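Per-entry structural report
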Amino acid sequence: GVPSCNTIWDEKCWDEPRQQCSSVQKPFTTTSYEEECSTAYDTQCNTVYDTKVSYVPRQECTTVSKEQCNPVTTQQCNTVQVPKQHQVPEQVCNQVPEQKCTTVQEQQCNTVYEQECNTHLEQECHEEHTEECNTVQEQVCDTIQETQVDYVTKEKCSLITENQCHDTPVQKCNNVQKPVTRTKTEEECNTVYDQQCTTKHEQECTTVTERQCKTTTVRECKTVTEKECTYVNGKEKCWDEPREKCWDEPREKCWDEPRQQCRQVPREDCRQVPRQDCRQVPRDYTDYETEEVCTAVNEKVCRPVPQNKCENVQEAVSKLVPVEKCYAKPRQVCQQVPHQVCNQVPKQTCNQVPREKCTTVPREQCATEYREQCNTEYRTVTTTVPEQQCHDVTNEVCTQVPSTVCTTQQDKVESQVPRQDCQQVPRQECRQVPRQKTEYRNEQVCQTVTERQCSKVSREECNYH
């Protein structure tokens, strides 16, 4: 058949992504610090000293001598002759017979028979059988059926197909990777430092002098004259009599008393505090989409056509033929073989051997000996011995003994007693107060939108007549 082809135009559409951006008002908050102050009162105390008079007892001692008498007992002794009897020992000795025995060791010998054995080696032999094997080749024949192939020539016809080809326009499509730009948002963080301040109060002290006054009384005396009159012989006689007039005059005594004056001074301590400032940043990246692209190409199209074809073919004909086949088969032949085995065997030979055996036997040997035996006898002897006789005599003995006499004296002691003098001192207390301020800034916000794109694509359509 002859193909009849026409070109047809099809409209193909797809969604094309694109970036669409717009400006958006976004709030932005900033924090600023303002100083806010208030008056606070601190209690400030100073140590002042008052004079305190106290009386301390003191002991005053002196040493004086005092006679002290005590009775003392002494022993007075005299020597007198006193008769005294005592026993005097005397030694009386006699010869006494005594039998004395001693043990003597004597050697006594006897003939005894002891068995004495010797070990010697003798050769002993015996017959042992071992198995010895040999491999021999043995001829073995078998009748087997073998296949014998003969070839016969025959005419063989078959219906075969032959390809008849012609060019036909075909629409061929391929998947093409098309790059597409897309946008994604990523979080981008930076480390920023904010100044963070705290107010610390430190104590600052200075030495100031304070006027201290004390009112004391002083005894003031003044000599004044007073008119004294008396009557002498009926006449009045007057004169100026000097007199001392005294009174307590109050006096104020003042001095500068040093004291410590302290106040709390605020100190601002600032440091840089790191924090993470993160924001969403749009990033463009390239992605790939698979798109089908079609083109019209001429392709050879073949179709099978049946045809009858004959040819001479060699055909194999098989038949079974008996064949005797021989081969050498190994076989193991074993037999018992005798052989002599000899070993050295130890043997013991024993004999009775006479030996003289001696032992030490104790024997008692006695003899009569004379020894001197003495006894102690006592006889009474009277002698005169000097003896000391004593008695106690009491006498009074006096000695000078030192004695301590104490009296208590009162001493006047002035001491400075501290006390706390406190007062309220105003001070300024300031702190940093955070204030937040919100501003609006324009930020560009982008998003990906798709737009419908269409184009004309041609294709070939063929019919066979």
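Relevant structure appears above.
Everything numeric in this text was worked out from a predicted model, so none of it was measured.

1. Brief notes about the overall build of the protein chain
On a plain count of helices and strands, the protein chain comes out with zero helices and two strands. Relative to the 2.2 N^0.38 estimate, which gives 23 Å for 465 residues, the radius of gyration of the protein chain is 78 Å and therefore markedly larger than a compact globule would have. Overall, the C-alpha framework of the protein chain stretches about 210 × 150 × 20 Å when taken along its three principal axes. Taken across its 465 residues, the protein chain has 5% of its residues classed as buried.

2. Description of the packing of aromatic side chains
For the coordinates displayed, the defined rule picks out zero aromatic pairs. Here the basic side chain of Lys184 rests over the ring of Tyr285, its NZ or CZ set 5.3 Å away from the ring centre.

3. Some words on the pattern of salt bridges
Scanning the model with the defined rule gives 25 salt bridges in all. Two residues, Glu36 and Arg431, come together in a salt bridge whose shortest N-O distance is 3.4 Å. You can see Glu36 sitting in strand β1 (residues 3–232) and its partner Arg431 sitting in strand β2 (residues 235–464), a full 395 residues away along the chain. Take Glu36: its relative accessible area is 35%, and that puts it in the partly exposed class. Its salt-bridge partner being Lys178, residue Glu291 comes within 3.8 Å of it at the nearest N-O pair.

4. Looking at the side chain of Arg259
Considering the arrangement of structural elements, one finds Arg259 in strand β2. For Arg259, a relative accessible area of 12% gives the class buried. Among the polar contacts listed, one links the side chain of Arg259 to the side chain of Glu210, at a separation of 2.6 Å. Every residue in contact with Arg259, bar those within four places of it in the chain, is listed here: Asn46, Thr206, Thr207, Val208, Glu210 and Gln423.

5. A closer look at the state of the cysteines
Counted under the stated rule, the structure contains eleven disulfides. A sulfur-sulfur separation of 1.9 Å characterises the disulfide bridge that pairs Cys13 with Cys454. The sign of the S-S torsion, about 110 degrees, decides the handedness of the disulfide formed by Cys13 and Cys454: right-handed. Taken together, the positions of Cys13 in strand β1 and Cys454 in strand β2 put the pair 441 residues apart, joining distant regions of the chain. Between the sulfur atoms of Cys45 and its disulfide mate Cys422 the distance is 1.8 Å. Looking along the S-S bond of the Cys45-Cys422 disulfide, the torsion reads about 110 degrees, which is the right-handed sense. Placement of the pair is Cys45 in strand β1 and Cys422 in strand β2, with a sequence separation of 377 residues.

Criteria and thresholds
Residues numbered from 1 in each chain as written. Predicted model: local features only at pLDDT ≥ 70, side-chain atom pairs only at ≥ 80, totals over all residues. Heavy atoms only, no water. Helix = DSSP H or I, 4+ residues; strand = E, 2+ residues; numbered from the N terminus. Rg over C-alpha atoms; globule rule 2.2 N^0.38 Å. Buried < 20%, exposed > 50% of the residue type's maximum accessible area, 1.4 Å probe, protein only. Phe/Tyr/Trp six-rings, centres within 6.5 Å; stacked < 30°, edge-to-face > 60°. Lys NZ or Arg CZ within 6 Å of the ring centre and 35° of its normal. Salt bridge = Lys/Arg side-chain N within 4 Å of Asp/Glu carboxyl O. Polar contact = N/O pair within 3.5 Å; in protein donor to acceptor, adjacent residues only side chain to side chain. Contact = heavy atoms within 4.5 Å. Disulfide = S-S within 2.5 Å.

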